[in-house]
Each structure stands twice: as C-alpha cells, then as structure tokens.
Amino acid sequence: MAHDDTEDPRYALELVGVTKRYASHEALRDISLQIRRGTIFGLLGPNGAGKTTTIRLSLNLMKPDEGHIRVLGERASEPSLVNRLGYLPEERGLYRRMTVRRVLRFLARIKGVARPTADRLIDEWMERFGMRTSDRDLANATLDELSRGMQQKIQFIGTVLHDPELVILDEPFSGLDPVNAQSVKDTVVDLRRRGKTVVFSTHLMDIAERMCDAVAIVNRGQIVLNGELREIKSQYSGPARVSVTFDSGSVTAAAEVLADRTLVGQVDDHVNQVDVTLASGATTQQLLERLVTAKVGIARFDRLETSLHQIFLDRVGVTGVEAGMSGHG
Amino acid sequence: MDKLMAVIGREFGERVRSKWFVLTTLFGPLLLAGLLLLPPWIAARTNASIDPSSLVFIDQTGTGLGNAVAVDVGGGVRATATPPLVLVATREQIDSVVALQRASLMSGAIAGYLILDTVTTAGGTARLVLRDGVPGAFTERLEASLARQLQRARLISLGVTDENADQLARLTVAVQTVRLGGDGGEASTRVNLIFGFGVAILLYIAIVLYGQIVLRSVTEEKQSRVSEVVLASVPARILLAGKIIGIGGVALLQLGLWTAAVVTILANRAAIFAKLGVQAVSVPLPPISGESIVLLVAYFLLGYALYAALFAIVGSIATSEQEAQQAQTPVIMLLVSSMALLQTAIGNPNGSIAQWLSLIPFSSPIMMPLRMGLINVSTSDLVVSIGVLGLTAVLALLMAGQVYRTALLMYGKRPSLREIARWMREVD
C-alpha cells in the first residue's frame, strides 16, 4: 500500500486525510495529524467538534470513510495493537457488581496480561492511588460500594495497568476533584517520563497549556491549529502584551506615554497596574524606554505570554466558547 | 484465544458466583421435588387418615363376606395394618348392633362402620358410615374388594371350587401401550409423551431464560458504557462469542444440576416415599440412548445460540432497558408461536405441521425433541433439521457480531433498520 511508505518511527499516531461521515453529518473532514512518540498531546475543541470520533478511529473502534491511520507504526486495524494501547473513554463505566480486583484482573487479561502479573500490578497501583493501605484494601470492594471519584480512579488504573505504549484519555479530568485530578496529572507526567505517549482530549485550555508538548484544536470536524505548543505561541503573530505595575504616584506620569496611539493600542487599567496591548509596529523595548524617559517609577514590567485560550479565541471565534469551551479548570 | 477465555471466564464466573444462580439452582430441584413428591404424599396422608383397624364391619349376610373383605382391605396394599373388627349379626340383632356402633362412632371410639347385609349380597350396595369426609381412594379400594368377594361368593354358589373362585375373582386388567424403538428397545408411550413434552417445555424455558440473560447482559454493558472499554481490547465478535458461550455454560451447568436432581428423585421415588411412611411404586425412567442425549443437547445449544444472537442484536441496538424489553417482542413471538402449535404437534406428531415445524430453525429446537419423544424420526429428517438450525445459528451469530460492533457505541438514538442492514454488510 502506498501509505506504508509514509511510516515514520518517530510517530505514535498518524492520521492522514481522514474523513468520517455519520448518517446525518460529516464528523471529520480530511484531517491529518502526527503525534510524536514520548510526548503528551492535547486534543482540544468544543463539544461535538470531533475529538471523540478522532479517538475512536485511532483505536479502530470505527473505520474511517477516507484516509488512513497508523498507530505505533502499524495500521490501526492491526489486531496485535490493542495490547499496546490504553484507553479511557469519555463515557465511563465498569461492571458495577464485580469487585475491584476482578474488574481490573479482567481488564488486564483482555490486554494479554497473565493473572499473577495482573494481581501484582493491581496491588501496586491501588497502593499508589491510596486505595490499598495497611488497614484497608478496596480491591475487595465491589464497584457499587465506591464513590464516583474512586470509580474513576479504578477506571484510570484499568487504562494503564498493562503498561501501554500509547495511552489515549478522553476528557480524563472531567468529574474528578482537584486531589484526584492531581494524581491523574502526576501519572500522566510520569508516563511521559518513562517514554510513553499520552494523548488526551479536553476542553480545559489551561490544563492543556500546562501539560502538553503539542496540541491540536479541532472545530467542526476540522483541525484549525496543530503543532508544538512553543511553536504555536512563538508563531502567533498578534500584538505583544505587557503588564506594568507602577510605584505609587507614578500613574499620572505614565498617562501621557500610554495615550500615544503610535505606541499603545489598548490599555486595560487596574489603577496601579495596567495591561497594555501594543500598537502594531511598536515593541516592548520602545515602551520601556519611553516610560523610563518620562521618569515613571516602575515596580514590575512583564511581557504577557499569549494564552492558548487567547489563540483559540482568535482562531475559532467566540462560538467555541459558547459551545462549551473553557479557559479555566 | 486468551481474550475469549477471559470473556467466557468473566461471564461464567460472575454469574455462577451470583446469588441469583445459587438461589435458582437450589430452588429448581426443590420446586421439582415438591411437584413430584408432594401430591402423592398428601394423597397418601389423606388415605392414611382412615385406618382400617379403626373401622368396624357389621356383617349380617351370613356368608362370611365381612371377614373376607376385612382381610382384603386390611392386608391388601398396606400389609402392616390390622384388619377391621368384624361383628357378625343376625337379622334380629342388627338394629341394636348398629345403634351400639353408632354410639361408639359418636364418642370417637371408632372411625366408622360398614354395614353388609342381604342388600349387599343381592345388589352389591353397602353402607359406610363415617365421622369425617370420604377419602375417594379408600372407597375405591373397598368397592374393588367387595366386588371381588361377591364375585367369588357367586362363583362358589355356582359350584366352582374355592381355589378357582379365588383365582377368577382376582383377575384384573390393564392396557399398557408400548412403543417399539428403532433400536428394538421398548418404551411406554405414556412415559414417552410426558418425557417429550417435558423436554420441549424445558428447552423452551431454558432458551427464553438464558436468551433473556444474554439480552440483559448486553443492555447492561451498553448502558454502563463498559462495552467501549472492552471493545477497545477485544473484537466485537469475540466479546459476543464469549458472552454467549459463558452464559451457555451457566445454562448447561444449571440444567445439568436440575436434570440430575430430577433423575435422582424419580429413581429413588419409592425409597423416599418409604422413608416418609408412604407406599408408592417407582416410575420407570424412559430408556434414553446416548445418541438421543447428544441430539437433545445439540438442539438446546444450537437453539440457544440462535436466539441468544437475536437477543444480542436487540440488546445492542436498544438505548435503554425499557426499550430492549419492547424491542425483544418479535424474538419472543418466534418462540411463543412454536409453543402455541405444540398441542397440534402432539396430536399428530407425523403430520405436515409437526414436520415443518421441526425443520424451521426457529421452532425446531422445541419441536424436534418433542417428536423424538413421540415417534421414531427418520435420520434424514434429523440431519436436515440440525443442519438448517446450525446454519441459521451461525448466520445469526455472524450478523450479530457485525451489528454489535457499531451499535454498542451508539448511545443517543436507536438505529433504523436500513442502518442495521448497512452495518451487516460492512466488512472488517
């Protein structure tokens, strides 16, 4: 096959020209994506953008109508792949009447892990997540007896128990309290440290911004932004933004400088501190020089980094926010 | 293979461990034991409430009829019982003897008295006076004994020797119908009818019961969203196969235990009744050849597989438990229609309706075992029937596997028939 030539060992996941249609609409339109091995990749976008479809296609749970997908260097339909993948679906659920140990043992066995190994791994992970201590072992409780947060952690353990090379998490942080969310984040970072690839979808921009090496933003079945987070930010060509905090009494002295339309585009005034968006063509250096010349007392002068949220708003527009995007989380 | 075993192990292990399984497995034999043992036991207990030794026979015939009947009734079936007391009275004494016994009966000293007089010898009627109700079985026994003794007396009066009269009077008749099997073995047709009917009903119940378990299992997996996790590790057809095999294993285990319990009870029926102080005869178990057992198991397994596949399709396309209950109606109708025609098939097991029904795969798992119990089905009929059933089951399983993969991941809406047809055509 022609696309076999495109195989690249650097990538854990490659989608090339993938289109998926449902009876009533086109879920994905000609998307291409490459995810490097050993990285954390964020799949961002509003609800219904096509994130879950992208994930399900990558896991061979569905077939694309057009295009092809390679996972860990193999065709996505290669049966032996499943044991090397871990998947946490957005819609969570386990066998509620089974005990934790039997559920996890089952999930491990269908990933090709032998029972004794599975039992050892279950103990390790349960200890790590604080569910197995000297006075209690929740492995013997049924899922029904556990809180929702605990059930989510069990499901997360089931996803990574067999030590997969590629872990795909669909909205892993939704429904988790901050403490549990932190333990999941720690595990994700640890997986990356051990050379695994983690792909997760989220609508929480700040989590993606803090954790991901690379991101793709999906909107209405198309990829609107894709690449290394650092590159995305450096290539972002919007006007620079600066936050300036004044010494007390220097605000009036600064007013003249800030009123110069050739230098300053927009000012967000917080009394002793202002967020300045520079006019096009102006540089932060020029602004600093002018303020110093005007003898303005400056307590802090920070270059504001463009947030992913900002970039997303620029690319997708406010409609994305309306449909469930969030810059916080 | 490991994955299939893991799925089978989960389905089988979880179910066998469940309270539901333990309860129904124990409750089944208890219910059957109750059905098999209680009615005769209760009947026997009711009979025993009339103890022959607590009766008094007043004999005014002057022929010794009272003594003869007393020995007959007291000895007869229940050899341990003491025969009733016999009071021989003349025509003059009779009224006072009866009055005396009446008083004894009122005071509860005796359970009843029987008057045998010239009316009895002439017309065969006798009067039994009791305090409590009339147990039918006892009166029947008394009547039979009276008839026998009167007949004997008449034979003697006609000049037949005592010994010959005894023999003639004891003559009883019964028609036993016997069916000659293909292998030359004989079997009672009545037992065969009960057996064939029993097996058909049992197969029907088992297919509905375990088919429903497959349906619920699929719906539950879809509702709880577990299926998505599992499908990411196991191909849909392996998941489906594991589920059907695992639940089928539970079915075989449970049916096996139930059958063993029934056979044990029936084989030891007489001994069990003896322990309970009730005399009863053993019911002969129909002779079943090894081939018949293999065929019956094959019909159950194939019938179960066919219906389980259909139930799995219904379960995977339904979006809720309630919807699944409604959507299964067509499948249930297929099964019920064979049951509705069961009577017709029993009436004429070689008729064209019965023949067709034992070839159509949706009814053959119930009809063919029934016919096998009633008549000798030709080998060619069996081969065609099993072949058609097997093929249909495989086809249904393949279709179910195709639908399963797509339908399990559709949560929001129920797919249209056209969509389902499209999934069936999709290739891996």
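Residues numbered from 1 in each chain as written. Chains lettered and ligands numbered in written order. Predicted model: local features only at pLDDT ≥ 70, side-chain atom pairs only at ≥ 80, totals over all residues.

A. Structural view of the overall build of chain A. Check the secondary structure of chain A and you find 11 helices and 14 strands. Dimensions along the principal axes, computed over C-alpha positions, put chain A at roughly 75 × 60 × 35 Å. Within chain A, the proportion of its 329 residues that are buried is 39%. Taking the intrachain contacts of chain A between residues at least 6 apart in sequence as the baseline, contacts between residues at least 24 apart amount to 71%. (Helix = DSSP H or I, 4+ residues; strand = E, 2+ residues; numbered from the N terminus. Buried ≥ 20, exposed ≤ 12 C-beta atoms within 10 Å, placed from the backbone. Contact = placed C-beta atoms within 7 Å.)

B. Fine view of the overall build of chain B. In terms of regular secondary structure, chain B is built from 19 helices and six strands. Buried residues in chain B amount to 32% of all 428 residues. Intrachain contacts of chain B at a sequence separation of at least 6 include 70% that bridge at least 24 residues.

C. Structural view of helix 17 (residues 364-374) of chain B. Burial of helix 17 of chain B is extensive: 11 of the 11 residues sit out of reach of the surface. All of the buried residues along helix 17 of chain B are Ser364(B), Pro365(B), Ile366(B), Met367(B), Met368(B), Pro369(B), Leu370(B), Arg371(B), Met372(B), Gly373(B) and Leu374(B).

D. Highlighting helix 4 (residues 94-107) of chain B. The end-to-end C-alpha distance of helix 4 of chain B, which contains 14 residues, comes to 20 Å, matching closely the 20 Å that a straight helix rising 1.5 Å per residue would cover. Downstream of helix 4 of chain B by a residue or two, Gly108(B) has a phi angle that is positive, lying close to 90°. (Expected span 1.5 Å × (residues − 1).)

E. Main features of the pairing of strand 8 (residues 197-202) of chain A. All names here are of chain A. The element strand 8 is extensively covered by neighbouring structure, given that six of its six residues are classed as buried. Side chains of strand 8 alternate between two faces, with Thr197, Val199 and Ser201 and Val198, Phe200 and Thr202 buried alike. The pairing of strand 7 (residues 166-170) with strand 8 spans five bridges and is classified as parallel. Considered in strand 8, the bridge of Leu166 is made with Thr197. In this fold, strand 7 hands off to helix 5 (residues 178-193), which returns the chain to strand 8; that crossover is right-handed. (Pairing = 2+ DSSP bridges. Right-handed = clockwise from strand over helix to strand, strands pointing away.)

F. How the structure looks around the nonpolar core. Residue and element names in this part refer to chain B. Counting 142 residues, the largest nonpolar core has Val214, Ala309 and Ala312 as the members making the most contacts within it. Sorting elements by how many residues they give to this core places helix 12 (residues 290-317) first, with 15 residues. Contacts of Val214, omitting those with residues within four sequence positions, involve Lys243, Ile244, Ile247, Ala308, Phe311 and Ala312. By size, the runner-up hydrophobic cluster in this structure holds 19 residues, among which are Phe57, Val73, Val86 and Leu150. (Core = buried A, V, L, I, M, F, W, Y, C linked by C-beta atoms within 7 Å.)

G. Local environment of the pairing of strand 1 (residues 11-21) of chain A. Residue and element names in this part refer to chain A. Pairing analysis gives seven bridges linking strand 1 to strand 2 (residues 26-36), with the strands arranged antiparallel. Looking at the pairing, Arg21 lines up with Glu26 of strand 2. If you look at the hairpin formed by strand 1 and strand 2, you'll find four residues sitting between the two strands. Of the strand pairs in this sheet, strand 1 and strand 4 (residues 66-71) are connected by five bridges, and their pairing is antiparallel. In the sheet register, Val16 faces strand 4, and the bridge partner there is His68.

H. Structural context of the confidence of the model for chain B. Residue and element names in this part refer to chain B. Per-residue pLDDT for chain B has a mean of 82; in total, 87% of the residues score no lower than 70. Across chain B, the element-wise mean pLDDT spans from 60 in strand 6 (residues 186-188) up to 92 in helix 1 (residues 2-17). Across the whole predicted complex the pTM is 0.74, and at the interface the ipTM reaches 0.79. (pLDDT = per-residue confidence, 0-100.)

I. Molecular detail of the interface of chain B and chain A. With 18 residues of chain B in contact, the opposing surface of chain A contributes 20 residues. Where the side of chain B that touches chain A is concerned, the elements lending two or more residues are helix 1 and helix 9 (226-231) of chain B. Within the side of chain B that touches chain A, the residues separate by chemical class into nine nonpolar, two polar and seven charged. (Nonpolar A, V, L, I, M, F, W, Y, C, P; charged D, E, K, R; others polar.)

J. Region of the structure containing the sheet that holds strand 4 (residues 127-130) of chain B. Residues and elements named next belong to chain B. Here we have four strands laid out as an open sheet, ordered 2-1-3-4, and mixed in their pairing. Taken across any chain shown, the strands that pair with only one partner, and hence form the sheet edges, are strand 2 (85-88) and strand 4. Taken pair by pair, the neighbouring strands of this sheet meet at an average axis angle of 20°, ignoring direction. Where strand 3 (residues 112-116) and strand 4 come together, four bridges link them in antiparallel fashion. Bridge assignment links Tyr113 to a residue of strand 4, and that residue is Val129. (Axes fitted to C-alpha atoms, helices over the stretch in contact; angles between N-to-C directions.)

K. Just the sheet that holds strand 3 (residues 40-44) of chain A, in detail. Residues and elements named next belong to chain A. Across the sheet, six strands lie side by side as 6-7-8-3-9-10; this open sheet has mixed pairing. Two strands bound the open sheet, and with one partner strand each, they are strand 6 (85-88) and strand 10 (222-228). Averaged over all neighbouring strand pairs, the angle between strand axes comes to 15°, with direction disregarded. Where strand 3 meets strand 9 (residues 214-219), four bridges bridge the pair, whose relative direction is parallel. Residue pairing across strands places Gly42 opposite Val215, the latter belonging to strand 9. Where helix 4 (residues 148-160) meets the sheet, its contacts fall on strand 6 and strand 7, and the angle it forms with strand 6 comes to roughly 160°.

L. Representation of the packing of helix 1 of chain B against helix 10 (residues 236-267) of chain B within the structure. Residues and elements named next belong to chain B. Following both chains from N to C, one finds helix 1 and helix 10 inclined at 40°, their axes separated by 8 Å at the closest point. Crossing angle aside, the handedness with which helix 1 passes helix 10 is right-handed. The segment helix 1 lies against helix 10, with Lys3, Leu4, Val7, Ile8, Glu11, Phe12, Arg15 and Val16 engaging Ile238, Leu239, Ala241, Gly242, Lys243, Ile245, Gly246, Ile247, Gly249 and Val250. Of the residues contributing to the contact of helix 1 with helix 10, the split by class is 11 nonpolar, three polar and four charged. (Left-handed = near helix turned anticlockwise from the far one by under 90°.)

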